[in-house]
Amino acid sequence: MNRLVICDHPLIQHKLTFIRDKNTNTKDFRELVDEVATLMAYEITREMPLDTIKVQTPIMETDSKVLAGRMLGLIPILRAGLGMVEGILKLIPAAKVGHIGLSRDHDTLQPVEYYINLPTDAQNRQLIVIDPMLATGGSAIAAINSLKKRGCEQIKMMCLIAAPEGVKALHEAHPEVDIYVAALDERLNEKGYIIPGLGDAGDRMFGTN
Ligand SMILES: O=P(O)(O)OC[C@H]1O[C@H](OP(=O)(O)OP(=O)(O)O)[C@H](O)[C@@H]1O
Ligand SMILES: O=c1cc[nH]c(=O)[nH]1
Ligand SMILES: [Mg+2]
């Protein structure tokens, strides 16, 4: 309950510095986010259950491990979450991908859902909701509400940067959802941006503003 995992591997922290840097261009931003997503996938799958099977090596038959249990589903929150999907699929190519479109109203900071499309067997999968930014937490909470309404129960959250306000709100709304972040920043500013953060993740990912 109320679990926050900070993925503090040096490679993740190094790459995150250049993701934050306002002088990093769109191409490099995308590549770095993709790389950090792959590294974070390694961390978030650490507790996946294993089965033992028999395998015949060139020398002899032996017991060896394979992934067991529920298959994964990746649920990026559009738009910015899209930038982390390919990086995770590099390690877990069999995962299915569902999409939730949410846009944060610039004035109220409330998320508005405009799209949802999930794998038909999403309820049977371990789902990872993906979004680079956990700011007020409103978007993540709305996405997880939508998933639960459709019968999904096994859910983890993966972000690059979280504000303490967003972690607190998400823990209060969904205490059983483990949150994985590359960094826990200081706070939100008056416009709901994470300080120091990286700016607007969607704009930096897709070159809009
Ligand atoms: O925790 P919150 O306060 O809800 O803020 C975080 C959300 O804001 C950003 O999306 P945005 O609404 O800018 O949409 P976009 O990805 O299409 O740019 C970000 O990618 C999160 O989804
Ligand atoms: O700092 C923030 C907060 C919300 N969404 C972003 O893209 N960046
Ligand atoms: Mg945005």
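Given the structure is predicted, the values throughout are model-derived calculations rather than measurements.

This part covers the UniProt feature "binding site: 5-phospho-alpha-D-ribose 1-diphosphate" (unreviewed entry) in the protein chain. In the numbering used here, UniProt assigns the "binding site: 5-phospho-alpha-D-ribose 1-diphosphate" (unreviewed entry) feature to Arg79, Arg104, Asp131, Pro132, Met133, Leu134, Ala135, Thr136, Gly137, Gly138, Ser139 and Asp200. The contacts of Arg79, once residues within four sequence positions are left out, are Tyr114, Asp200, Gly202, Asp203, Phe206 and Thr208. Structurally, Asp200 can be placed in the loop between strand 13 (194-195) and helix 6 (201-206). Judged by its relative accessible area of 25%, Asp200 falls in the partly exposed class. Asp200 has contacts with Arg79 and Tyr193, leaving out every residue within four places of it along the chain. One polar contact links Asp200 to Tyr193, side chain to side chain, over a distance of 3.4 Å.

Here we take up the nonpolar core. One finds Ile19, Met40, Leu74, Ile88 and Leu160 to be the most contacted residues of the largest nonpolar core, which totals 39 residues. Broken down by secondary-structure element, the contributors of at least two residues to this core are helix 1 (10-20), helix 2 (26-44), strand 4 (72-78), helix 3 (85-89), strand 8 (126-130), strand 10 (155-162), strand 11 (178-184) and helix 6. At 8 residues, the largest contribution of residues to this core is made by helix 2. Formed by 24 residues, the second largest nonpolar core is a distinct cluster that contains Leu127, Ala162, Ile179 and Val181.

A word on the site of ligand 1. Around ligand 1 lies a shell of 16 residues, among which Arg104, Asp131, Thr136, Gly137 and Ser139 are the nearest. Separating an oxygen atom of ligand 1 from a side-chain N or O atom of Thr136 is a distance of 2.5 Å. About the coverage of ligand 1: the protein hides 91% of its 500 Å² of free accessible area. Every element with two or more residues in the shell around ligand 1 is listed here: strand 6 (99-104), strand 9 (133-134) and helix 4 (138-149). Residues of the shell around ligand 1, tallied by class, amount to 6 nonpolar, 6 polar and 4 charged.

With that settled, consider the pairing of strand 6. Both strand 4 and strand 6 contribute to a ladder of 2 bridges, which runs parallel. Counted as the bridge partner of Ile77 is Ile100 from strand 6. Bridge count for strand 6 against strand 7 (residues 111-117) is 6 bridges, and the pairing is antiparallel. Its bridge partner being in strand 7, Ser103 is matched across the sheet by Val112. Adjacent in sequence and paired antiparallel, strand 6 and strand 7 are bridged by 6 residues, among which Leu109 carries a positive phi angle near 65 degrees.

On to the pattern of salt bridges. Evaluated as defined, the whole model comprises 15 salt bridges. Between Arg3 and Asp178 there is a salt bridge, with its nearest N and O atoms 3.0 Å apart. On the criterion of sequence distance, the pair formed by Arg3 in the segment before strand 1 (4-6) and Asp178 in strand 11 is long-range, its members being 175 residues apart. Judged by relative accessible area, Asp178 falls into the buried class, the value being 12%. Two residues, Lys27 and Glu31, come together in a salt bridge whose shortest N-O distance is 3.3 Å. Taken together, the positions of Lys27 and Glu31, both in helix 2 and 4 residues apart, correspond to about one turn of that helix. For Glu31, a relative accessible area of 38% puts it in the partly exposed group.

Before going further, it helps to spend a moment on the site of ligand 2. The local shell around ligand 2 consists of Arg104, Met133, Ala135, Gly192, Tyr193, Ile194, Gly199, Asp200 and Ala201. Note that a nitrogen atom of ligand 2 is positioned 2.8 Å from one of the backbone N or O atoms of Gly199. The contact in question runs from an oxygen atom of ligand 2 to an N or O atom on the backbone of Ala201, over 2.8 Å. If ligand 2 stood free it would expose 240 Å²; the protein chains cover 89% of that surface. Counted by class, the shell around ligand 2 contains 5 nonpolar, 2 polar and 2 charged residues.

Moving on, we get to the side chain of His174. Positionally, His174 belongs in the loop between helix 5 (164-173) and strand 11. A relative accessible area of 3% places His174 in the buried class. Among the polar contacts made by the side chain of His174, one reaches the side chain of Asn145 at a distance of 3.0 Å.

The rules behind each value
- Residues numbered from 1 in each chain as written.
- Chains lettered and ligands numbered in written order.
- Predicted model: local features only at pLDDT ≥ 70, side-chain atom pairs only at ≥ 80, totals over all residues.
- Heavy atoms only, no water.
- UniProt positions renumbered as here; feature names shortened; annotations may be inferred.
- Contact = heavy atoms within 4.5 Å.
- Helix = DSSP H or I, 4+ residues; strand = E, 2+ residues; numbered from the N terminus.
- Buried < 20%, exposed > 50% of the residue type's maximum accessible area, 1.4 Å probe, protein only.
- Polar contact = N/O pair within 3.5 Å; in protein donor to acceptor, adjacent residues only side chain to side chain.
- Core = buried A, V, L, I, M, F, W, Y, C linked by side-chain atoms within 4.5 Å.
- Near = heavy atom within 4 Å.
- Areas by Shrake-Rupley, 256 points an atom, 1.4 Å probe, with all protein chains shown as cover.
- Nonpolar A, V, L, I, M, F, W, Y, C, P; charged D, E, K, R; others polar.
- Pairing = 2+ DSSP bridges.
- Salt bridge = Lys/Arg side-chain N within 4 Å of Asp/Glu carboxyl O.

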